[in-house]
Amino acid sequence: MCDTCGCGTDHVHLTDNKGKVHHLHPVVSEHTQEHFIVKAAETPYGKRVVELAFNVLDKNNLQAEKNRTLLRENHITAFNLVSSPGSGKTTVLERTLTDLAGAYSMAVIEGDQQTSNDAARIRATATPAVQVNTGKGCHLDAGMVARAIELLAPADNSLLFIENVGTPRLSRAFRPGGNPSRGHTLCNGR
Amino acid sequence: MHELSLVMAIVEKAEATVLEHGARDVDSITLRIGRLAGVEPDALALAWEAAIPQTVLEHASKMEKTSEAVFICRNCQKEFTADDLFACCPLCGSSATELVAGDEFIIEQIILNL
């Protein structure tokens, strides 16, 4: 929500030479919409003030939306498992994969900060799994999830488990791209 | 995206803006970071120092503003602010709340040196 005018939809403010502020709603297209407005008045000589409303996270959000569309079109139900490290995600997942084996086609995207250990445990269940080492990062972003989905090529009507890292706060804020209507975020532990 | 990825995306946008306007480099940049954007301030500062040398942001001053996290209650339509992603509605107590603002990371303004 804009703290200048309280408007909740995409819009920009244009200040004209008389200092009057115009409130404009751009047409939203498929691509990330951005407008820049140049403030000619009250700008020091040799400088130019460029006003943007550029959300650095838009690229991730767009990719997340693409991920969700792909899963939805192929009737793949995604589960995003999020909790603090050590609270039991992998154990829950291992048990689920074992108990449901044969009843569903399943695949796993495994995010772990440092080791391939979690993926090894999952592979022991004979479920296709891809390890995404996030290195210093502490969550999966939409691009990582997209690449993992491409590698796994989950079947139509299958279940996709994304074992995430980090806290629920970061996972939700960064939207790895699970399906919101047929997808579920499971928060475990603390 | 972790903080370094975020900073690199900012550098990319700043470079594109400089090019678009035929400017020399950036004088200052203003960022607005939502309270629930999941950005760790110390990590952001470290990433900034690491990523900006030899870019158009090298000598730029940076201003950071924080914007509030705004929720809407699906049950009673009340809008409220909170610091916690799983906030319940202060009016009806429902947990069916949705974040409508406060997870963004916005470049608000860039002042260019022409």
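As the structure is a computational prediction, the values presented were derived from the model and not from experiment.

Procedures and definitions
Residues numbered from 1 in each chain as written. Chains lettered and ligands numbered in written order. Predicted model: local features only at pLDDT ≥ 70, side-chain atom pairs only at ≥ 80, totals over all residues. Heavy atoms only, no water. Helix = DSSP H or I, 4+ residues; strand = E, 2+ residues; numbered from the N terminus. Buried < 20%, exposed > 50% of the residue type's maximum accessible area, 1.4 Å probe, protein only. Contact = heavy atoms within 4.5 Å. Areas by Shrake-Rupley, 256 points an atom, 1.4 Å probe, with all protein chains shown as cover. Salt bridge = Lys/Arg side-chain N within 4 Å of Asp/Glu carboxyl O. Lys, Arg positive; Asp, Glu negative; His and termini not counted. pLDDT = per-residue confidence, 0-100. Pairing = 2+ DSSP bridges. Axes fitted to C-alpha atoms, helices over the stretch in contact; angles between N-to-C directions. Phe/Tyr/Trp six-rings, centres within 6.5 Å; stacked < 30°, edge-to-face > 60°. Lys NZ or Arg CZ within 6 Å of the ring centre and 35° of its normal.

**Q** What exactly am I supposed to notice about the overall build of chain A here?
**A** Looking only at helices and strands, chain A has five helices and nine strands in total. Listed N to C, the secondary structure of chain A is β-β-β-β-α-β-α-β-α-β-α-β-α-β in terms of helices and strands. A burial count over chain A gives 41% of its 190 residues as buried. Excluding contacts between residues fewer than 6 apart, the proportion of contacts in chain A whose partners are at least 24 apart in sequence is 58%. Surface accessibility of chain A: about 10400 Å² in total, with carbon and sulfur atoms responsible for 53%.

**Q** Which parts of the structure should I look at to understand the pattern of salt bridges?
**A** Proximity of charged atoms lets side chains of opposite charge pair with each other. This model, assessed by the stated rule, comprises 11 salt bridges over all chains. Between R74(B) and E98(B) there is a salt bridge, and its shortest N-O distance comes to 2.0 Å. Residue R74(B) is found in the loop between β3 (70–73) and β4 (79–81), and its partner E98(B) is found in strand β5 (residues 97–101); the two are separated by 24 residues along the sequence. R74(B) sits in the exposed class, given a relative accessible area of 57%. With relative accessibility at 29%, the residue E98(B) sits in the partly exposed group. Each of E65(A), R68(A) and R72(A) takes part in a single network of salt bridges with overlapping partners.

**Q** So what exactly am I meant to see when it comes to the side chain of E163(A) here?
**A** Structurally, E163(A) can be placed in strand β8 (residues 159–163). Despite its burial, E163(A) pairs with no opposite charge; the closest candidate is K89(A), at 4.6 Å N-O.

**Q** So what exactly am I meant to see when it comes to the confidence of the model for chain A here?
**A** Fine structural detail should not be taken from predicted coordinates in areas where pLDDT scores are low. All names here are of chain A. Of the residues in chain A, 57% have a pLDDT of 70 or more, and the chain-wide mean is 73. Looking over chain A, one finds the lowest element-wise mean pLDDT in helix α5 (residues 168–174), namely 48, and the highest in strand β4 (residues 47–55), namely 92. This stretch, residues 26–35, has a pLDDT under 50; its non-local contacts, to residues over four places away or in other chains, come to 16 contacts. Scored below 50 in pLDDT, residues 178–183 makes 14 contacts in the model with residues more than four places away or belonging to other chains.

**Q** Explain the sheet that holds β5(B) here, please?
**A** Paired through their backbone hydrogen bonds, the strands of a sheet run either parallel or antiparallel. All names here are of chain B. Read from one edge of the open sheet, three strands run β4-β3-β5, paired in antiparallel fashion. The open sheet has two free edges, formed respectively by β4 and β5, since each of these has just one partner strand. Here the strands of the sheet are splayed against their neighbours by 35 degrees on average, with no regard to which way each runs. Note that β3 and β4 share three bridges and pair antiparallel. Directly across from I72, in β4, lies its bridge partner E79.

**Q** Where do I start with the packing of aromatic side chains in this structure?
**A** Each aromatic ring pair is described using two quantities: the centre-to-centre distance and the angle formed by the ring planes. One pass over the full model with this rule turns up two aromatic pairs over all chains. Centre to centre, the rings of F79(A) and F161(A) are 5.2 Å apart; their planes meet at 15 degrees, and the pair counts as stacked. You can see F79(A) sitting in strand β5 (residues 77–82) and its partner F161(A) sitting in strand β8, a full 82 residues away along the chain. Seen from their ring centres, F71(B) and F80(B) are 5.5 Å apart, and the 15 degrees between their planes marks the pair as stacked. The same class applies to F71(B) as to F80(B), namely buried. The side chain of K62(B) reaches across the aromatic face of W48(B), ending 4.9 Å from its centre.

**Q** Is there a simple way to think about the confidence of the model for chain B in this case?
**A** Considering every residue of chain B, the mean pLDDT works out to 92; 99% of them sit at 70 or more. Predicted complex metrics record ipTM = 0.86 and pTM = 0.64.

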